[in-house]
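One letter stands for each residue in the lines below.
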Amino acid sequence: MGNAPTAAIKLTFLDRDQNEAQVNFYVPYSTTVEQAWAVADAIAARVQVLSNALLWRIQLVWKWTADMPGPADVDSNVRRALLLLVQASDERINALLVPSPRDSVFEIDGRYAGVRVDLDNAAVSGFVSVLELPLLTPDGGAFGTDIITGGLSL
Amino acid sequence: MRKFVRNLQAPPLPWMCELVGIETAVVPFALGALEERAAPFVWQDGDALIGVQMIRRLQVALLSGCLDELIASQERIFQVLDNGINGTRYDDFQSGTSMRVELVRIRELLEAQQSQESLDPEILAQLIQIAALL
């Protein structure tokens, strides 16, 4: 397992017809976020002198990929997902999708067997420790730590 | 080519509640279908927050099994009446304290009625009162 040797700085431009074009630059993987933003800003300033397209997005990407991935579990299927619904302190309900959930995380009895997540399952209750990390929604709100329910999403 | 839905207008608050019944086997497909509309870009400007929350609440409702509580409540009332009128015994009788009290009253009234030839208006009134409480 290992990282890519580089991190990517991706600049996306729009033309008059809303067509997109992307320009990629690469910096050492060890570059910090602050350094990468400084490089991105410098690149953006110089590219905009060369181009009259509209710069509208910059992405900084550090990527990790397994070098020699072994075979996936024979029962794994990423077309199935576990939808976890989490309530934040402001009562907003947020969600995250876990691909290819294990069968053991669902209720085994009753009408929701195999459909609804078993909140007493150790793997599920243990996931709260992840939610207690400083996670945010895309608009900057608190993601929440209270898993209220969840289910199989197809 | 896939065509994404965009610029949906979120319905204004307040929202009314609707009780529907669906097969639980359908729930995973409904959750997946709803998820496609849980993305902010699906909703028109200013409606994303309320639109997405509407989808989330519906997903929670699909998994809440609220009908279980209603059916259990009906079952408890049936057991009270069946026990009081027919004397049927339930090993897992789950009525609350107030229902047990009413059950005793129903039995007493029925026993009192058995000793009379016609329905006592006072007892009838009490039965109606108990029925209203249940």
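The rules behind these values
Residues numbered from 1 in each chain as written. Chains lettered and ligands numbered in written order. Predicted model: local features only at pLDDT ≥ 70, side-chain atom pairs only at ≥ 80, totals over all residues. Heavy atoms only, no water. Helix = DSSP H or I, 4+ residues; strand = E, 2+ residues; numbered from the N terminus. Expected span 1.5 Å × (residues − 1). Buried < 20%, exposed > 50% of the residue type's maximum accessible area, 1.4 Å probe, protein only. Contact = heavy atoms within 4.5 Å. Phe/Tyr/Trp six-rings, centres within 6.5 Å; stacked < 30°, edge-to-face > 60°. Lys NZ or Arg CZ within 6 Å of the ring centre and 35° of its normal. Buried area = accessible area lost by both parts, 1.4 Å probe. Salt bridge = Lys/Arg side-chain N within 4 Å of Asp/Glu carboxyl O. Polar contact = N/O pair within 3.5 Å; in protein donor to acceptor, adjacent residues only side chain to side chain. Patch = residues over 30% accessible without salt bridge, like charges linked within 9 Å, V, L, I, M, F, W, Y side chains within 5 Å. Areas by Shrake-Rupley, 256 points an atom, 1.4 Å probe, with all protein chains shown as cover. Core = buried A, V, L, I, M, F, W, Y, C linked by side-chain atoms within 4.5 Å.

Asks: Can you tell me about helix α2 (residues 48-62) of chain B, naming the residues and giving the values?
Replies: For α2 of chain B, built from 15 residues, the straight-helix expectation of 21 Å at 1.5 Å per residue is met to within 8% by its first-to-last C-alpha distance of 21 Å. Looking only at α2 of chain B, the buried set comprises Gly51, Val52, Gln53, Ile55, Arg56, Gln59, Val60 and Leu62 of chain B. Against the buried residues of α2 of chain B lie β6 (81-87), β7 (93-99) and β8 (146-153) of chain A together with α1 (27-35) of chain B.

Asks: Before we move on, could you go through the packing of aromatic side chains and cite the residues and values that matter?
Replies: All chains considered together, the criterion is met by zero aromatic pairs over all chains. One residue, Arg116 of chain A, lies across the ring of Tyr112 of chain A, its end atom 4.0 Å from the ring centre.

Asks: How would you sum up the interface of chain A and chain B? Please name residues and give values.
Replies: Contacts between chain A and chain B engage 19 residues on the former and 19 residues on the latter. Summing both sides of the interface, chain A and chain B together bury roughly 1600 Å²; the carbon and sulfur share of this comes to 65%. Our count for the chain A to chain B interface comes out at zero salt bridges. Linking chain A to chain B there are six residue pairs in polar contact (both at pLDDT 80 or more). Of all the secondary-structure elements, those providing two or more residues to the side of chain A that touches chain B are β6, β7 and β8 of chain A. Counting residues per element, the side of chain A that touches chain B draws most heavily on β8 of chain A, which supplies six residues.

Asks: Summarise unusual backbone geometry; cite the residues concerned and give the values.
Replies: Cis geometry marks the peptide bond from Leu13 of chain B to Pro14 of chain B; its omega dihedral reads 0°. Positive phi is not limited to glycine here, since Ser100 of chain A has a value of about 50°. Position of Ser100 of chain A relative to the elements: it lies in the loop between β7 and α2 (122-126). Of note in this structure, Asn7 of chain B is not a glycine but carries a positive phi near 60°.

Asks: Let's hear about a nonpolar patch on the surface: which residues, and what values?
Replies: All names here are of chain A. A surface patch of nonpolar side chains, amounting to about 230 Å² of accessible area, comprises Val130, Leu133 and Leu135. Note that Val130 resides in helix α3 (residues 128-131). Residue Val130 is classed as partly exposed on the basis of its relative accessible area of 33%.

Asks: Tell me about the side chain of Glu35 of chain B, and please be specific about residues and values.
Replies: Topologically, Glu35 of chain B is positioned in helix α1. Here the side chain of Glu35 of chain B touches Arg56 of chain B through a polar contact of 2.8 Å, side chain to side chain. Here Glu35 of chain B is in contact with Leu83 and Leu97 of chain A together with Arg56 and Gln59 of chain B, once residues within four sequence places are set aside.

Asks: An account of the nonpolar core is requested, with residue identities and associated values reported.
Replies: Counting residues in each nonpolar core, the largest one holds 20 residues, and the members touching the most others are Leu85 of chain A together with Val27, Leu31, Trp43, Leu62 and Leu63 of chain B. If you list the elements that add at least two residues to this core, you get β6 and β7 of chain A together with α1 and α2 of chain B. Setting aside its immediate chain neighbours within four residues, Leu31 of chain B contacts Leu83, Gly151, Leu152 and Ser153 of chain A together with Gln59, Leu62 and Leu63 of chain B.

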